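# Structural features, examined
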Amino acid sequence: MSTSKKTYREAVKEALAQEMRRDPAVVQIGEDLRGGHAGTNPDLEEKKIEAFGGVLGVTKGLWGEFGSDRVIDTPITESAIVGMAAGAALTGLRPVAELMFMDFFGVCYDALYNQAAKFRYMFGGKARTPLVLRGMIGAGFSAAAQHSQSPYHVFASVPGLKVVVPSNAHDAKGLLIQAVRDDDPVVFCEHKTLYDTTDEVPDEPYTIPFGVANYTRQGTDVTVVALSAMVNAANEAADKLAAEGISVEVVDPRTVSPLDEEGILESVAATGRVVIVDESAARCGFGHDVAALIAAKALDSLRAPVELVTPPHTPVPFSPVLEKAWLPDAARIETAVRKLVTA
Amino acid sequence: MSRIRAFEDRLHEENATGDIPGFIHLYSGQEAIAVGVCENLRDTDHIGSTHRGHGHCIAKGCDIHGMMAEIFGKEDGLCHGKGGSMHIADLSVGMLGANAIVGGAPSLAIGAALSAKILGTDGVAVSFTGDGGSNQGTTLEAMNMAVVLKLPIVFVIENNGYGEATGTDYAVGAPDIAARAAAFGMPAAKVDGTDFFAVHEAAREAVERARAGGGPTTIEARAHRFYGHFEGDAQLYRTPEQVAELRRTQDPLVIFRAKVDRRKVSVKELDEIDEESRALVDEAVGRARAAAYPPIEHLLTDVYVSY
């Protein structure tokens, strides 16, 4: 299979385009997926202008290939978008809805957790809801408190939702194709600071199964469990610590739900020490879930208490100096690892 | 209006230097709406705003230096650098915050109106929302609630023709947003948002009605966004010629100059006001650039933390 260097943004778009070519039931729904869609400027239709292609340009080019019936620009109405996408998923389409920043899920939460997530269970297994909800998570460019959150732990706490948090372009493409082909609602979390990162990505479509962790570094002294942009910070820390003679294993679960419990426990059993890095929340977040898992199933193998590296329990601050202090980084991960190996 | 224009045009330049963090959404072209409405309000009245909030902040009386410092992420900012452009707030002048959530203001503003009604303060609330926000369910829920509870509120819909990059004529089903008010049983006005006097008159009537216990009003004001949705927007959805034409024919400051009573205000006086505005903004930028970033310890202040 041929590969080429692609950005995370290109990998996401390629996955969407390839799935739309494969299956006519796949449609895109969202705000400004094309942008500029209006009679305001009579030239727009004729020149096939795609102004935004999603707020950070991820979907640019899809409208030109697939047209307005399959790349559907909506008004700014998140509740209606998710409700409509859920209804369409129940009745034969495979919608991929984009809601820009995942902070905006607040207004449509009912459609997500009372409707889409429950259809299959409530209807006695007779319903399928092949729905993908894409959105951006993550702090890192001063987008401030209402555009910077990482609420994947909120979605993961809802039975019926699958939650995907890819950390690199290769995983983003394979996991997104898997999400589109999945018959359950999938929340697909794209970290906005990863869009311009590059990776070798296969040109052909491929899938990565949910619930299978990826070991991005192999090591023997400490396990670092990290997701999304935090995987890069963890790898950076692992490289630095390797120079000091500390061998760090970095485990990227890739999906928060389902969670690869075995993949995490295996690594913890081998190293006996674990640091969990989590951008979601300082309380009741993904990190606490993994810590509870380890406490329940791997306590005997632990040589030191579990270390959590999270932001403080505050909204994301705007000012760059405060935001930098808020975000976990490689230095904080290194400190946590050193604490464990010297304990 | 002059201050808003000077502030926004200068931010357009400052943003190009790369020293402003995050997103900036400029209000130039819509000045007559914020000022025409807020001129009818007192410090004790409240407004809720949008992600395009600088104009509302200035019109409601927020300190220019505090705003500029906030936008640069500095400790001296109105929110001590924690909010930024999209979250500027100053409750001391009744500014409940810009709001980065489309349709975020209406439900908050009916809360302020409820407080005014229950506490008997004689206060009025104004919710500023764009044409995009007018389609949010919460906006319609807030309108219904305001009528049911007879709240002292004015819903100002600023129709600038675009929700981000998507045209109103695509995204708003019926062309008349103001007409929706009738479905909720409240009066509405549709005004030319480039004309300060028209906005001011419509707002005066609505604010007086609200203050007198007459309940809510909707005002749809049509104006034009001179810059893109955000700074850095290539504006592929319209041509530079279209924007130039809007700037030539739809500039609220030019229209104000043409309509203002010459016997009361001379051209020279207007020129002096513009000059003062530019000087004020110049000083604000200088101070904001020189100001310190917040100390790292402040990361954990103003929030409930017990662990």
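Basis of the calculations
- Sequence order as written defines residue numbering, which begins from 1 separately in each chain.
- Chains and ligands are labelled by the order in which they are written, letters from A for the one and numbers from 1 for the other.
- In keeping with the model being predicted, local features are shown solely for residues with a pLDDT of at least 70 and side-chain atom pairs are shown and tallied solely at 80 or more, while totals for entire chains, interfaces and linings include all residues.
- No hydrogens and no water enter the side-chain calculation; it runs on all heavy atoms of the structure.
- Helix and strand definitions follow DSSP, with helices as H or I runs of at least four residues and strands as E runs of at least two, each counted in order from the N terminus.
- We compute the radius of gyration over the C-alpha atoms and compare it with the globule rule, which gives 2.2 Å times the number of residues raised to the power 0.38.
- Exposed residues in this analysis have more than 50% of their type's maximum accessible area, buried residues have under 20%, and partly exposed residues fall in between, with area computed by a 1.4 Å probe over protein chains only.
- It only takes one pair of heavy atoms within 4.5 Å for two residues to be counted as in contact.
- The protein chains shown are the only cover counted for residues, whose accessible areas, like all others here, come from Shrake-Rupley with a 1.4 Å probe.
- His is not counted, nor are the chain ends, whereas Lys and Arg count as positive and Asp and Glu as negative.
- Where a charge sits is defined by one atom per residue type, namely NZ (Lys), CZ (Arg), CG (Asp) or CD (Glu).
- UniProt positions are given in the numbering used here, feature names are shortened, and annotations may be inferred rather than shown by experiment.
- To qualify as a nonpolar core, a set must consist of buried Ala, Val, Leu, Ile, Met, Phe, Trp, Tyr and Cys residues joined through side-chain atoms within 4.5 Å.
- Any Lys or Arg side-chain nitrogen located within 4 Å of an Asp or Glu carboxyl oxygen qualifies as a salt bridge.
- By buried area we mean how much accessible surface two parts lose on assembly, using a 1.4 Å probe and totalling the loss over both.
- Here a polar contact means two N or O atoms within 3.5 Å. Within protein one must be a hydrogen donor candidate and the other an acceptor candidate, and residues neighboring in sequence count only if both atoms are side-chain atoms.
- Multiply 1.5 Å by the residue count of a helix minus one, and that product is the helix's expected span.
- Here, any two strands with at least 2 DSSP bridges between them count as paired.
- Helix axes are fitted to C-alpha atoms over the stretch in contact, other axes to C-alpha atoms as well, and angles between N-to-C directions run from 0 to 180 degrees.
- Cavities and pockets were defined on a 1 Å grid built over protein atoms only: a cavity is a set of grid points that admits a 1.4 Å probe from which the probe cannot escape, a pocket is an open set flanked by protein on both sides within 12 Å along at least five of seven lines, and lining residues are those with an atom within 4 Å of any such point.
- Grid points are joined across faces, edges and corners, and a volume is the space filled by probe spheres set on the points.
- Think of it this way: a Phe, Tyr or Trp ring, Trp meaning its six-membered ring, pairs with another when their centres are within 6.5 Å, and the plane angle makes it stacked under 30 degrees, edge-to-face over 60, tilted otherwise.

What follows is about the overall build of chain B. Helix and strand counts for chain B come out as twelve helices and seven strands. A compact globule built from 307 residues should have a C-alpha radius of gyration of about 19 Å, and chain B, at 19 Å, falls within 12% of that. Within chain B, the fraction of its 307 residues that count as buried is 58%. Long-range pairs, those at least 24 residues apart, make up 72% of the contacts in chain B with a sequence separation of at least 6. Summing over all exposed atoms, chain B offers an accessible surface of approximately 12300 Å²; the carbon and sulfur share of this is 56%. Side-chain charges of chain B comprise 29 positive and 43 negative groups, with the mean position of each set lying 5 Å from the other.

Attention shifts here to the UniProt feature "domain: Dehydrogenase E1 component" (unreviewed entry) in chain B. What UniProt calls "domain: Dehydrogenase E1 component" (unreviewed entry) maps, in this numbering, to residues 1-296 of chain B. Within residues 1-296 of chain B, the helical portion is 45% and the strand portion 10%, while the C-alpha atoms at the span's ends are 37 Å from each other.

Quick look at the nonpolar core now. Residue and element names in this part refer to chain B. Phe7, Met68, Val126 and Phe128 are the most contacted members of the largest nonpolar core, which totals 52 residues. With seven residues, the single largest contributor to this core is helix α9 (residues 196-211). Dropping the residues within four chain positions of it, phenylalanine 128 is found in contact with Ile33, Ala34, Val37, Cys38, Ile47, Gly48, Ser49, Thr50, His56, Ala105, Val156 and Glu158.

Attention now moves to the pattern of salt bridges. Residues and elements named next belong to chain B. Tallied over the full model, the rule gives 43 salt bridges over all chains. Between arginine 5 and aspartate 251 there is a salt bridge whose closest N-O contact spans 3.0 Å. Here arginine 5, found in helix α1 (residues 2-16), pairs with aspartate 251, found in the loop between α10 (240-249) and α11 (252-259); they are 246 residues apart in sequence, far enough to count as distant. With respect to burial, arginine 5 and aspartate 251 carry one shared label: buried. Residues joined by salt bridges that share partners form a network here, namely Arg10, Glu14, Asp19, Asp282 and Arg289.

What follows concerns the interface of chain A and chain B. When the parts of a complex come together, some accessible area is lost, and that lost area is often used as the size of the interface. Across the contact, 45 residues belong to chain A and 47 residues belong to chain B. Across the chain A to chain B interface the summed buried area is about 3700 Å²; carbon plus sulfur atoms make up 67%. Looking only at chain A, the three residues that lose the most surface to chain B are A:Ile76, A:Phe318 and A:Leu322, adding up to 19% of its buried area. Put simply, chain A and chain B have zero salt bridges between them. Along the contact surface separating chain A from chain B lie nine residue pairs in polar contact (both at pLDDT 80 or more).

So, on to helix α13 (residues 330-342) of chain A. Between its first and last C-alpha atoms α13(A) spans 18 Å; for 13 residues at 1.5 Å apiece the expected length is 18 Å, and the two agree. In this structure, the buried side of α13(A) is in contact with β10 (222-226), α9 (229-243), β11 (248-252), β13 (274-277) and β14 (307-309) of chain A.

Okay, the environment of B:Ala113 next. Residue and element names in this part refer to chain B. You can see alanine 113 is positioned in helix α5 (residues 105-119). Look at alanine 113 and you get buried, because its relative accessible area is 0%. The spacing of alanine 113 and arginine 5 is 108 residues in sequence and 30 Å in space, taken between C-alpha atoms. Other than its neighbours up to four places away in sequence, alanine 113 contacts Ala125, Leu151, Pro152 and Ile153.

Residues and elements named next belong to chain B. If you trace the five strands from one edge of the open sheet to the other, you get β1-β2-β3-β7-β6, paired in parallel fashion. The open sheet is flanked by β1 (46-48) and β6 (188-192), the only strands paired with a single partner. Within the sheet, the average angular offset between the axes of one strand and its neighbour, ignoring direction, is 20 degrees. Both β1 and strand β2 (residues 125-130) contribute to a ladder of three bridges, which runs parallel. Looking at the pairing, glycine 48 lines up with serine 127 of β2. Of the strands in this sheet, β1, β2, β3 (153-159) and β7 (217-222) touch helix α2 (residues 31-38), which is tilted by about 170 degrees from β2.

Next up on the list: empty space enclosed by the protein. This structure, assessed with the given rule, holds seven cavities of 30 Å³ or more. One number sums up the size of the largest cavity: a volume of about 480 Å³. Surrounding the largest cavity, 41 residues form its lining, B:His51, B:Arg52, B:Val102, B:Glu164 and B:His229 being those nearest its centre. Those elements that provide at least two residues to the lining of the largest cavity are β4 (94-101) of chain A together with α5, β2 and β4 (162-163) of chain B. Per-element accounting of the lining of the largest cavity gives the leading share, three residues, to β2(B).

Hydrogen bonds between backbone groups are what pair the strands of a sheet, and the pairing can be parallel or antiparallel. Residue and element names in this part refer to chain A. Spatially, β9-β11-β10-β13-β14 is the arrangement adopted by the five strands of the open sheet, whose pairing is mixed. Taken across any chain shown, the strands that pair with only one partner, and hence form the sheet edges, are β9 (214-217) and β14. The sheet shows a mean angle of 25 degrees between the axes of neighbouring strands, direction not considered. With three bridges connecting them, β13 and β14 associate as parallel partners. Across the sheet, isoleucine 276 pairs through a bridge with leucine 308, a residue of β14. Contacts between helix α10 (residues 261-271) and the sheet are confined to β9, β10, β11 and β13, with β10 contributing the most and set at about 155 degrees to the helix.

If you walk through the whole model with that rule in mind, you get 14 aromatic pairs over all chains. Ring centres of A:Phe105 and A:Phe155 lie 5.0 Å apart, and the angle between their planes is 55 degrees; on these two criteria the pair is classed as tilted. Here A:Phe155 lies in helix α7 (residues 152-156) and A:Phe105 lies in the loop between β4 and α5 (109-116), a separation of 50 residues in the sequence. A:Phe105 sits in the buried class, given a relative accessible area of 2%. Seen in terms of ring centroids, B:Tyr162 and B:Tyr237 are 4.9 Å apart; in terms of plane orientation they differ by 50 degrees. Their pairing is tilted. Highlighted residues: B:Tyr162 in strand β4 and B:Tyr237 in the loop between β7 and α10, separated in sequence by 75 residues. Assigned by exposure class, B:Tyr162 and B:Tyr237 land together as buried. Among the aromatic residues, those joined into a ring-pair cluster are A:Phe52, B:Tyr162, B:Phe230 and B:Tyr237.

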